[in-house]
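Per-entry structural report
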Amino acid sequence: HLHSLADMPIGVAVEAGGAINSILTSTPRQAIVEAHFDTVTPENIMKPFLLHPQQETYDFANADALMDYTVAQGLVVHGHVLIWHAQQPDWINNFAGTQADWQAMMDDHIATIVEHFAQNYDNVVSWDVVNEAFLDGGGSQLRDSVWRLGVGDDYIARAFTSARSAAGANVDLYYNDYGMENNGSKLNSILAMVDELQANSVPIDGIGFQMHVNMDYPDVGTFKQALAKVVSRGLKVKLTEMDVARSTLDTDRISQLTPEMQIALADRYQALVSAYLEAVPAASRGGITVWGITDADSWLNRNTSRLEFGVLFNSDFTPKPALQGFADAL
Ligand code: XIL
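Description of the structure in this document.

Reading the values: rules and limits
Residues numbered from 1 in each chain as written. Predicted model: local features only at pLDDT ≥ 70, side-chain atom pairs only at ≥ 80, totals over all residues. Heavy atoms only, no water. Helix = DSSP H or I, 4+ residues; strand = E, 2+ residues; numbered from the N terminus. Buried < 20%, exposed > 50% of the residue type's maximum accessible area, 1.4 Å probe, protein only. Salt bridge = Lys/Arg side-chain N within 4 Å of Asp/Glu carboxyl O. Expected span 1.5 Å × (residues − 1). Arc of directions from axis to C-beta. Contact = heavy atoms within 4.5 Å. Polar contact = N/O pair within 3.5 Å; in protein donor to acceptor, adjacent residues only side chain to side chain.

Observations concerning unusual backbone geometry
In this model, H80 is joined to V81 through a cis peptide bond whose omega is 15°. Inspection of the secondary structure assignment puts V81 in strand β3 (residues 76-83). With an omega of -5°, the peptide bond between Y217 and P218 qualifies as cis. Turning to its location among the elements, P218 is positioned in the loop between β7 (212-214) and α9 (220-232). One non-glycine residue, S201, lies in the positive phi region at around 55°. Looking at the secondary structure, you find S201 in the loop between α8 (184-199) and β6 (206-209). You will see that F317, though not glycine, has its phi angle at about 75°, which is positive. As for its position among the elements, F317 is in the loop between β9 (285-290) and α11 (321-329). Take F317: its relative accessible area is 28%, and that puts it in the partly exposed class.

So this is what it looks like as structure tokens:
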């Protein structure tokens, strides 16, 4: 019971809808989620291409089915995701309109989705409002997403303001991104954005570190420094999509981790979770979410030519030593 050891939210990403590994139809996955986690993030079902397939059409049925499950199990939900350059419907990518049209369209998109869940459920406790707005190169480079080009450079501020009016004061609003645990210039870009948002009284509550990391990177010291810089802004920090890929030095193709690799993965989870707890004081902890229930569910195994074993349960639903490693850190 991982979550009962923690004084912060402990979450997992789950599939819903027609996915073969949908939490709604997989009894062994339900058993794991209900035993070990108190929070779920919908891995895909609340993304704009599924929730908002046409400008005038919202499709909440599959997301609502997941919400009903979470309510029945007493789980809370981290909403993912409102504004992102990927997994968007074509109509957004191709939207032709003036800047005012873009602004109105974005406001409506955010308000309709956030209000739907706020009005029908009381367990959506946080949202990823904007995801991956920055390029990896650092500087102050905002990605040239359609949102930036359409709405303007202030689209991030506008998105948070819209989300706050729809969600109310009690829902935590996150900016979410990857790589800043190990990329100081990207982190600095994000911190500069935070400083500007706060100077303009834009309602942001936290920064989500996706934490798609591996056995080598980040080193624990770099990671703790990155966390501390966010904490120093008075924001919460949440590890939103954690998984730990194999060492880049392991180039061989393997079908399962050796016992030694399982222990190394457990040690890595323990070290990273401990680093989070040391660097982030209790009041600033948004918690930790692992990106997938088993290795069979892990997105790391969708796109790569070698297998990865980055989450807490094996494909046969047995717990890894990494589950104990995580628990030992708590
Ligand atoms: C991934 C899902 O895990 C995959 O199933 C999907 O095919 C692509 O998206 N950053 C994010 C997540 O914010 O939404 C992504 O999830 C992983 C990277």
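So, the pattern of salt bridges
Tallied over the full model, the rule gives 14 salt bridges. D107 is the partner of R158 in a salt bridge, and the nearest nitrogen-oxygen pair spans 2.7 Å. You can see R158 sitting in helix α7 (residues 155-167) and its partner D107 sitting in helix α5 (residues 99-120), a full 51 residues away along the chain. The class for R158 is partly exposed, based on a relative accessible area of 26%. Residue K224 is joined to E278 by a salt bridge in which the shortest nitrogen-to-oxygen separation is 2.5 Å. With K224 in helix α9 and E278 in helix α10 (residues 259-279), the pair connects residues that are 54 residues apart, well separated along the chain.

Side note on α9
Taking 1.5 Å per residue as the helical rise, α9 with its 13 residues ought to reach 18 Å, and the 18 Å between its terminal C-alpha atoms agrees with that figure. Listed as buried for α9 are F223, A226, L227, V230 and V231. Projected onto a plane normal to the axis of α9, the buried residues spread over an arc of 140° and lie on a single side. Of the exposed residues in α9, those oriented more than 90 degrees away from the buried face are Q225 and S232. Close packing links the buried residues of α9 with α8, β6, β8 (236-245) and α10. In this structure D219 caps α9, since a side-chain oxygen of it lies 3.0 Å from the backbone nitrogen of G221. Two residues or fewer after α9 comes G234, characterised by a positive phi angle close to 80°.

Overview of the environment of K236
With respect to the helices and strands, K236 occurs in strand β8. With 230 residues separating them along the chain, K236 and A6 place their C-alpha atoms 16 Å apart. Those residues in contact with K236 that lie beyond four places of it in its chain are D172, Y174, D205, G206, I207, V230, A283 and S284. For K236, the side chain forms a polar contact with the side chain of D172, separated by 2.7 Å.

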